Structures are given as structure tokens and as C-alpha cells.
Amino acid sequence: MANSAIVGINWGDEGKGRMVDLLTEDYDVVVRFQGGGNAGHTVINELGRFALHLLPSGIFRQGVVNILGNGVAVDPENLWTEMEDVMAKGVELTPENLKISDRASLLLPWHRDMDELEELRLADKKYGSTKQGIAPFYSDKYGKKTILAGELFYPEELKEHLTDLMEWKNLMLTKVYGAPGYTMDMLEKWITGACEKIKPYITDTGAFLKEAQASGKNILFEAQLGSLRDLDYGIYPYTTSSNTMAAYAPIGSGLPSAKVNDVIGVVKAYSTCVGEGPFVCEMLGEEAEKLRESGFEYGAKTGRPRRVGPIDIVATRYGVEVQAATAIALTKLDVLSYMDRIPVCTGYLLNGEQIDRFPFPTALKNAKPVITYFDGWKCDISGVRTWEELPKAAQEYVAFIEGQIGCPIKYVSVGPERDSIIIR
Ligand code: GDP
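Residues numbered from 1 in each chain as written. Predicted model: local features only at pLDDT ≥ 70, side-chain atom pairs only at ≥ 80, totals over all residues. Heavy atoms only, no water.

A. Representation of the pattern of salt bridges in the model. A complete count under the given rule lists 19 salt bridges for this structure. The partner of Asp340 in a salt bridge is Lys378, with the nearest N and O atoms 2.8 Å apart. With Asp340 in the loop between strand S14 (327–331) and strand S15 (341–350) and Lys378 in the loop between strand S17 (368–375) and helix H11 (392–405), the pair connects residues that are 38 residues apart, well separated along the chain. By relative accessible area, Asp340 is classed as exposed at 57%. Across the pair Glu396 and Lys392 runs a salt bridge, and its minimum N-O distance is 2.9 Å. (Salt bridge = Lys/Arg side-chain N within 4 Å of Asp/Glu carboxyl O. Helix = DSSP H or I, 4+ residues; strand = E, 2+ residues; numbered from the N terminus. Buried < 20%, exposed > 50% of the residue type's maximum accessible area, 1.4 Å probe, protein only.)

Written out as C-alpha cells, the structure reads:
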């Protein structure tokens, strides 16, 4: 039996969804263990092109059980919309292949309002939230001010609990932000609408996982975003509000006793970053525009243009270390094929000194990138399927990164399709 985690090493959007979709062939269960619908995993396979936000990326494989663990921000409305969308494209979703933890907390309708209102209040100091309610949700989860999915099975107690939460939240909405409050009628519509739709999928997933573990099933833990967005280890406060680390997978999945044997860290062949915050290796102007277009770097959830830059060895090495990655999947190498010479951020200059250790978040704004250039390969590599076929310059680029980050690059992805992969 093997438990593996697929995690992001950088700022997210590394192509985790595409790797989970590829690797689920060897797994029986795929579990999302943190985050919510605030980012997207793009998966392209024989059924079409999908932008998944909450659904685990194993949903397309026959016989794979997909779980939304207790660490996930389950937004019934967004989840149901996504489920309908996927089902309309011919994917079967049943309580057999999709299970929602009864211990997952529910993102309540006012969490999205709170997110939007707070970003408005912050104005030019905003965090660049996707306004999906994730930060208010996790604040309330840890403040014990939201409800568990399993409470939907206890309608009387649920109403009482929601009434108490609503009274408290209305104070914030109306008195702090001057916004309209909620009524119980509105919440009843929410319960009888989206909540009722997802209810058949809610179950004791902890018991299911325990059983799966005991019977030797292979479990894959799927993360959202990346190391640098981790609440504790990332570029706080420009992080997300959950833990994106492989170490959190057992806790957030419902199997706290699980050991994660393999950690597959996904690294993009260059850097991208969505939203605000320090991004040391950022490229600007025409150079950035070209890379953004080549990699089609626009947010899966918001369509926002992503900030781009060369691969950042300092940040990537740190990401590998905190994730304790055992293997790397390097994605989107094909995107760099147009470049005559390929920039790599090999160090930071901070206070006149060159450093190779990722600094404290507050210091990042003063760090400057040290750039080294590599020869480009200047040919289409999207059809390459073996290491030997890869042009020498591309091999050298991959080998250099591998040496610098201290972790074997086992997979090199050269296209978004399931089979556009080189396995070393
Ligand atoms: P995730 O959140 O980490 O799953 O990443 P996203 O889905 O937001 O971003 C990855 C994007 O790159 C998606 O549009 C993928 O289809 C695409 N993609 C993944 N791997 C490759 C690759 O090797 N080459 C190219 N050209 N696109 C890729």
C-alpha cells in the first residue's frame, strides 16, 4: 500500500490537476484535504476540458473514490454548480465515487459577502482575494462559528445553530460594514437548495478511509495552491488561509494516522503568481507578455492575468524542503520553447549580499533576483515522450534545476494532455 500526496511547490497553478489526473491510474482513492473553490485545477482528457475548483481531480477515473476531506472549505452552492457542470459533460457522480466528509465545515453564504466587503474596505491595500469567502470561512472555522456538513442530518439543531450564527454575523455585516444582514428565510432557501443537493454525498469519510487503509488501498492526497501560499510557511499575509503542506494531508483528509510515503511536488518550468504580494523574480513588459501568452497564464477561477517570471531556484528549493518532496514533476517545459535564452533566478540579492535561502516574508520586498541564462532549444518539444528525445539544451535546463533543488525530477510535462509526459 502506498499513500502519496501531490502538492504545489511554488505559488500554485503549477499543474497539479494534470498530474493527479495522470497518476490516479495507480490509486483507489483521491482526497482533497484543504482549501476551497478559490483556485482551479485544469484537467484535459478524453472527456473534454475541465476547470475543477472543489472536486478532486480523480473524478474522471472509473473506480476511483473521490473525497472532500474535513480540511476543505465546502461551499454547497459552488460545489453543486461544479457537479452539475461536470455531470453535463458525461461524468457520472454518485455517492459511490464522490464522498464529502461529515466533518467538513460549510462555507456559509455570508462568507463571500465578508470577503468582498473586506477587500473593498482595504482598497489599495487589498490582498487580491478571489472573493470566494475562503479567509472569512477559515477565520470562522477556527473561531468555531460555522457548521459541519454532517449537521444537515439534524434539521432542528441545525436551525438553532444557524440562528445563533446569523445573529452574530448580522452584527458584523450591518454594524461594521453597513451591509444588509441575513434572514432565516434566506438561510432556509440555502438549506433546501444547494445543501439538499449535496446531502446524499455527505458521509463519515474518516471511517471509509480507515477501512480503505486497512484493506491496502492506495490513497492519493491532492493539495490546492503551493508551499508559498501556506498559511504558516508561505509569504504571509499573502498566503491562503489553509495549510497547503503534505504534512497536513493526514489531518485534513480524515485519516490522521496515515503516513505519506511519497510526496510529488509539482514545479512549473517558470514562475507564476496570482494576486498581490512579493514576487522577487517578476518579469515585466514585453518579455512578461510573451511568456504569459505562451503559457496562457490566466487564472482558472478569475481569468486574471498571472504575474510571470523565470523559475525561482531560491523559492523552489524552499518549497521542496517544506513539503519534504520525494519526487518532482516539472510542468510546462514546452512553454519555454520559443526563448533564445532562458533566464533562471539562481539567487537573491538582499542588503548587498547574495543569499540562496528564502528570507522572512517581510524582507522579500527588498530582495532582487540574480539571473543566470541558459541556451534555449528553439524547437517544438510537445511531442517528445522520452528523456533521450529531449533536445540537449532542454536536458541541461532540467538537470540544472534538479541539481539546485536537491530532489529528483521524475516527470517532465510537455503539454496539458494526459499523455504529454516524460517519465524518467
Ligand atoms: P493547478 O491548479 O496546479 O492544477 O494548475 P492550473 O490548472 O491552474 O494550471 C495549469 C495549466 O497549465 C492548465 O491550464 C493545464 O492544462 C496546463 N498545463 C499543465 N501541464 C502543462 C504542460 O506541461 N504544458 C502546457 N502547455 N500546459 C500545461
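Once the structure has been displayed, the description carries forward.
B. Molecular detail of the site of the ligand. Near the ligand, the surroundings consist of 19 residues, among which Lys16, Gly40, Thr42, Asp334 and Ser413 are the closest. Backbone polar atom of Glu14 to an oxygen atom of the ligand: 3.1 Å apart, as the coordinates give it. For the ligand, an oxygen atom lies 2.8 Å from a polar atom in the backbone of Gly17. Looking at the shell around the ligand, its residues break down into four nonpolar, seven polar and eight charged. Residue-level mapping places the shell around the ligand at the junction of two domains, with at least three residues from each of domain 1 (3–104 + 202–264) and domain 3 (268–423). (Near = heavy atom within 4 Å. Polar contact = N/O pair within 3.5 Å; in protein donor to acceptor, adjacent residues only side chain to side chain. Nonpolar A, V, L, I, M, F, W, Y, C, P; charged D, E, K, R; others polar. Domains from an automatic or database assignment.)

C. Looking closely at the domain arrangement of the protein. Domain annotation of the protein identifies domain 1 (3–104 + 202–264), domain 2 (106–198) and domain 3 (268–423). Computed over C-alpha atoms, the centres of domain 1 and domain 2 are 23 Å apart. If you look at the interface, domain 1 gives 29 residues, while domain 2 gives 23 residues. Taken together, the links from domain 1 to domain 2 amount to two salt bridges. In this structure, Asp75 engages Arg112 in a salt bridge whose closest nitrogen and oxygen atoms are separated by 2.2 Å. In this structure, the connection of domain 1 to domain 2 is made through nine residue pairs in polar contact (both at pLDDT 80 or more). Of all the secondary-structure elements, those providing two or more residues to the side of domain 1 that touches domain 2 are helix H2 (76–88) and strand S6 (98–101). (Contact = heavy atoms within 4.5 Å.)

D. Region of interest: a negative patch on the surface. Together, Glu156, Glu157, Glu160, Asp164 and Glu167 line one region of the surface with negative charge. You can see Glu157 is positioned in helix H5 (residues 155–176). (Patch = residues over 30% accessible without salt bridge, like charges linked within 9 Å, V, L, I, M, F, W, Y side chains within 5 Å. Areas by Shrake-Rupley, 256 points an atom, 1.4 Å probe, with all protein chains shown as cover. Lys, Arg positive; Asp, Glu negative; His and termini not counted. Charge placed at Lys NZ, Arg CZ, Asp CG, Glu CD.)

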